[in-house]
Every structure is written in C-alpha cells, then in structure tokens.
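Here is how the chains run, residue by residue.
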Amino acid sequence: MIDIAQLRQEPDFVKAQLARRGVSASTMDEIITLDGEHRQRLQEAEALRAQVKEISRQVGEANKAGKKDEAEQLRLRSRELGEQESAASEVAAQVNESLRSKLLMVPNLPDPRVPEGKDETENVEISQWWVGQDSGAPFPTFAEHQKKPHWEVGQELGILDLEAGAKLAGSMFALYRGAGARLIRSLGFYALNAHLDAYEEIRPPHFALTETMMSTGHLPKSEDDMYAMERDGLWAIPTAEVPLTSMHRGEILPRENFPIRMTAQTSCFRRESGSAGRDTRGVLRLHEFDKVELFAYCLPEQAEESHADILHRAESLLQGLGLTYRLLELCTGDLGSASARTVDLEVFSPGVDRWLEVSSVSWFRDYQARRANVRYRTEDGSTAFVHTVNGSALAWARIWAALVETYRQADGSVQLPEVLAPFMGNQLTIRS
RNA sequence: GGAGGGGUGACAGAGCGGCCGAAUGUACCGGUCUUGAAAACCGGCGUGGGCUUGCCCACCGUGGGUUCAAAUCCCACCCCCUCCGCCA
C-alpha cells in the first residue's frame, strides 16, 4: 500500500510517479477526496463519542452521589447522543471502506531507475552471460541436437509424462518420472544448500489466509489468478513470497535483527487465467511448479544490498548450471504492482529457441510491509515500516526444460552439469 | 470430532460493569550513589489515528450484541493448553 500521508503532502509527485504506470490522476483525486471526507466524518463521530463518554462518567458520579433524577436525565441525554454517534460512525466506516478498497488497488511508486515502457517488449537488457564469456568466447551457437523442445526430449527419455499429468489434474500439470523427477528434486536441493550460509531455511504452509494474501498485494488485485478453497477460507500460495512476507505480520522488530533473510522451496499454484492458450506444451507454464525463493526483511538502507545479494545468488546458480542467461530491468509497463523495481533473469533455451523467465528479483520498498504491518524500532524510539525484497532462485520447471534442451547430446542422451552430481547420485547421464 | 481450561502491554501477571489504556513484578531507557560495575533509590517506559499540539478517539484473540457506560456481561467464531477419540 502506498503511504496516504505522502499522497496528502505531495499529491503532484505521487500522481506523476503513478502516471508512469498508468494510474490516472483522477483515480488519485478520488482517493484524496475520500480521505478528506473520511477524516471529517471521523472527527464528527469522535466528537460525539467524546461527549457520550463524558456524560456517562457524570452518570456514574451522580449515581454515586445519590442524585437519582440528575442521573436519569443525563442517561437519556447520553442515549440520544449515542444514537447520533453510531449513525455518524456508520457513515465514517462506509467512507473508510471505499477509501481502503481503492487504496488497496493502487500500485507501488516505481523507482526512478525503472525505464518507461508499455509492456514486456520494452524491458531493458542489463547484461548477458554464457559459459566462457569472460575468456572472450562468443555467444553460444547451438547444434541441431540441442534444438529439440523439452517435451519431445522428455518423452523420448521417459522422464516427463505430460499425458499422465493431464489425466490426473488436467492440462498444464506436469508429471516427471525417473531421472526427470530426481532432477527436479536435485535442483531444489542444490539451491537451498547454496543459500544456507546466510538464509534461514523455512518450510511454510502452502495455503494461506486472505489476510496473508493481502499483505503481498496478491489480493484483491490478482484474485482470478489464485486458487481458492472457499469452504475453508484458504488460498493456495502462488509463491513462497506470500508466507514469508507475512511471517512477522503485525510485529515490531528490534533494529539489530535486520536483515532477516529466509529461503524456502514451495510448490507454487497459479490459475494462469490471463494466459489461456499460451505455452500450452511442455512445462513452461504450469498451474503448479516448484520454486526456491529468497526473501529479506531489511532496513531501508539495507535494501539495495539485499536486492543485489539475491540477484547475485540467482546468477551464481545459473552459472553453476552453465546456462546462458540475461538480466532485464523491467519497464513501468511490466513491473508487478507491488514492486518498486524488478530485475528479471531469463535463461536461453535452445529447444524452444526462447528466453525463459526463471527469476524476478524485486524490491517492494515499504509497500508490502505497510500492508502486512511489519515495523522496526528506529533509533529515536519511534517505529517505521521495514522494506521487503525477494527473488526466485530459481523456478525449476523452466530450468529443467533449459537443462534437457541445452545438454542434449548428439546421441539423444542428456549430460547434466557437474554441480548436480552430489544430488543425482553421480548419475549425470540420462538416456532412455 | 468430544469434554474441560485459557487468550490482557516486550515478558510474567492482576483486574471480571463507572477516572482502567489498564495494578504489580521483570526487562528496557535516563538520573542519584560508586574509582568502575552490581545492588539500592528516584524518574520514564504500548500502538495507531484525528485536529484548533494540547487535547480528543480507537485498540485488553476476532466479529456482533446488551448498557448512559464494556477488558469486565451475552452470542458466534478463531487460536493455544490438558484429557478422550481418530489418524500419517
């Protein structure tokens, strides 16, 4: 949530920043008007309530002094005011409700570094990496045998059974088997191990309360993309970001605790309602996939470093796997609504001949912390909202696809990179 | 799922219709004392909101209700503990 106090103090600045991401000035004006009305109504209601309280106190005193008549008279007066008060409160609550629902839909202010752009086609490439790049090797060329899409490689080798996935749960659900299943398990193990020097491993619930989903900004805005279990009032998490961001919801944490860094691998559930028909083959877009997430609560002055650390770790994993990738600075049109700045990592996968998004490393400033009410104690003893940063490291289904495509050999087998040897039981060759 | 007990400030723990936003203790911060520290003593010490910055309002698990007045009474729900049942 944006800071309403900032909106009051510098409405033009806030409007200008939000205009960059397509929020109209009139939307913000509506909010400003509602805020003014809310405060006015609140004052009216509170003034009445103060009177009720004062008279009630006098009723008590009169009763104590045995002044029955006076007490009775005051009682009636207070009752009357009380009725006015509840009417006024009702109005204030209604105004507050519409203010709040509008405010929850307002996206975060983009960082100045975020480039202008209408959609993902206007993201700005920051860098590329490939094996041998630092010793002058050119961008890799891929052989014919690497140009088979992973769903074909997977079927050939018997390590991916999409028909079985569809049979069990419908389209866009994958079933990995044999070495394919072991591979995806190994990837999670590989990543979690790599982060344990600085990140506490968490195994959170995969379901979350509505309140939890609100904190990250997934609700109410993206409701259609979430799986709901209405009967129990629960939502399936679309990313570990959701539970991790709410771990300390409503708490005030001591300054010296920061940064608080956590990592978790979870299944991620997404309805993909807006992308029906896209990427229907293979494992590039699934309703359920595994992902390791890196997350930090930090002080504002630590945010830059925390963001860089997550980015660096995601890159290290990709370099360890020997995959070709690039970094993109997301433009205003592609930035997630809660984010102030996001850098995406995309892996090049030769079989599908595409760059695949495998991580988004985002800095939310205090937008999520304000929703989740996570604060720290400042040096002068007051409180302030923390910053949150997070990023995937990494999304395994797409990595799985990139690996089997990139490392497919001329004889049709797949030769996995060395770093996975400890997790694959030294079985780095997958053949049918 | 059944029976019983309980959710109050950082923590422990009183209060069970009327100066209670809340006793007391611990912790914490400041001061006195001390060569220094400890102890002792004195003072301070929740969060959020509104505006006429001094005041007002809200918050005692959550949401309703009763009342002139609710932390306190009533109802529903949630969570925790103990026992029983069931289960991986």
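Residues numbered from 1 in each chain as written. Chains lettered and ligands numbered in written order. Predicted model: local features only at pLDDT ≥ 70, side-chain atom pairs only at ≥ 80, totals over all residues. Heavy atoms only, no water.

## A word on the overall build of chain A
In step 1: Across its full length, chain A carries twelve helices and 16 strands.
In step 2: Here the C-alpha coordinates of chain A stretch approximately 100 × 45 × 45 Å along the principal axes.
In step 3: Expressed as a percentage of its 432 residues, the buried residues of chain A come to 50%.
In step 4: Restricting the contact set of chain A to residue pairs at least 6 apart, pairs at least 24 apart contribute 73%.
In step 5: Side-chain charges of chain A comprise 49 positive and 65 negative groups, with the mean position of each set lying 3 Å from the other. (Helix = DSSP H or I, 4+ residues; strand = E, 2+ residues; numbered from the N terminus. Buried < 20%, exposed > 50% of the residue type's maximum accessible area, 1.4 Å probe, protein only. Contact = heavy atoms within 4.5 Å. Lys, Arg positive; Asp, Glu negative; His and termini not counted. Charge placed at Lys NZ, Arg CZ, Asp CG, Glu CD.)

## Quick notes on the protein's contact with RNA strand B
In step 1: Taken together, 19 residues surround RNA strand B, and among them Ser 56, Arg 75, Ser 78, Arg 377 and Thr 383 come closest.
In step 2: Counting only the atoms of RNA strand B within 4 Å of the protein, the fraction contributed by sugar and phosphate is 77%.
In step 3: Separating a sugar or linking oxygen of RNA strand B from a side-chain N or O atom of Glu 46 is a distance of 3.2 Å.
In step 4: At the level of secondary structure, the elements contributing two or more residues to the surface near RNA strand B comprise helix H3 (25–64), helix H4 (68–104) and strand E12 (375–377).
In step 5: In terms of residues, the surface near RNA strand B owes the most to one element, H3, which gives eleven residues.
In step 6: The residue makeup of the surface near RNA strand B, split by class, is four nonpolar, six polar and nine charged. (Near = heavy atom within 4 Å. Polar contact = N/O pair within 3.5 Å; in protein donor to acceptor, adjacent residues only side chain to side chain. Nonpolar A, V, L, I, M, F, W, Y, C, P; charged D, E, K, R; others polar.)

## Here's the deal with the packing of aromatic side chains
In step 1: The tally for this structure, following the rule as stated, stands at eleven aromatic pairs.
In step 2: With 5.3 Å between their ring centres and 75° between their planes, Trp 130 and Phe 139 make a pair best called edge-to-face.
In step 3: Classification of Trp 130 as buried rests on a relative accessible area of 13%.
In step 4: The class for Phe 139 is partly exposed, based on a relative accessible area of 32%.
In step 5: Between Phe 348 and Trp 355, the ring centres sit 5.3 Å apart and the planes meet at 70°, which makes this aromatic pair edge-to-face.
In step 6: A network of ring pairs unites the aromatic residues Trp 130, Phe 139, Phe 142, Phe 348 and Trp 355 as a single cluster.
In step 7: Over the face of the ring belonging to Tyr 199 we find Arg 261, whose NZ or CZ atom lies 5.4 Å from the ring centre. (Phe/Tyr/Trp six-rings, centres within 6.5 Å; stacked < 30°, edge-to-face > 60°. Lys NZ or Arg CZ within 6 Å of the ring centre and 35° of its normal.)

## What to know about the packing of helix H7 (residues 179–195) against helix H12 (residues 396–406)
In step 1: The geometry of H7 relative to H12 is characterised by a closest axis approach of 10 Å and an angle of 115° between their N-to-C directions. Of the two elements, H7 crosses H12, and the hand of that crossing is right-handed. Facing H7, whose interface residues are Gly 180, Leu 183, Ile 184, Leu 187, Gly 188 and Ala 191, H12 presents Trp 396, Ala 397, Ile 399, Trp 400, Leu 403 and Val 404.
In step 2: Of the residues in the contact of H7 with H12, the class split is ten nonpolar, two polar and no charged. (Axes fitted to C-alpha atoms, helices over the stretch in contact; angles between N-to-C directions. Left-handed = near helix turned anticlockwise from the far one by under 90°.)

## Description of the sheet that holds strand E5 (residues 234–236)
In step 1: Pairing in this open sheet of three strands is antiparallel, and the strands run E3-E5-E4 from one edge to the other. Of all strands in the sheet, those with a lone pairing partner are strand E3 (207–209) and strand E4 (228–229), marking the two edges.
In step 2: Pairing of E4 with E5, which is carried by two bridges, proceeds in the antiparallel orientation. Looking at the pairing, Ala 228 lines up with Trp 235 of E5. (Pairing = 2+ DSSP bridges.)

## A word on unusual backbone geometry
In step 1: In this chain, Phe 258 is followed by Pro 259 through a cis amide linkage whose omega measures -5°.
In step 2: One can find Pro 259 in the loop between strand E6 (252–253) and strand E7 (260–269).
In step 3: Of note, the amide linkage connecting Ala 393 to Leu 394 takes the cis form, showing an omega dihedral of 5°.
In step 4: Looking at the element boundaries, Leu 394 is found in strand E14 (residues 387–395).
In step 5: A positive phi is found at Glu 272, a non-glycine position, where the angle reads about 55°.
In step 6: Tracing the chain through its elements places Glu 272 in the loop between E7 and strand E8 (288–298).
In step 7: Although it is not a glycine, Asp 353 sits at a positive phi angle of roughly 55°.

## Quick look at H12
In step 1: For H12, the buried fraction is high: ten of the eleven residues fall into the buried class.
In step 2: Among all positions in H12, only Trp 396, Ala 397, Ile 399, Trp 400, Ala 401, Ala 402, Leu 403, Val 404, Glu 405 and Thr 406 are buried.

## Remarks on helix H10 (residues 303–321)
Because each turn of an α-helix spans 3.6 residues, side chains separated by three or four positions end up pointing in the same direction.
In step 1: With 19 residues, H10 extends 28 Å between its outermost C-alpha atoms, agreeing within 8% with the 27 Å of an ideal straight helix rising 1.5 Å per residue.
In step 2: Looking one or two residues beyond H10, the residue adopting positive phi is Gly 322, at roughly 70°. (Expected span 1.5 Å × (residues − 1).)

## Considerations on the packing of helix H2 (residues 11–19) against H3
In step 1: It is at 9 Å that the axes of H2 and H3 come closest, and there the two elements cross at 140°. Taken together, the axes of H2 and H3 lie oblique to each other. Here the hand of the crossing between H2 and H3 comes out right-handed. In this structure, H2 uses Pro 11, Val 14, Lys 15 and Leu 18 to contact H3, whose residues at the interface are Ala 25, Met 28, Asp 29 and Ile 32.
In step 2: Residues that form the contact of H2 with H3 fall into these classes: six nonpolar, no polar and two charged. (Parallel < 35°, antiparallel > 145°, perpendicular 65-115°, else oblique.)

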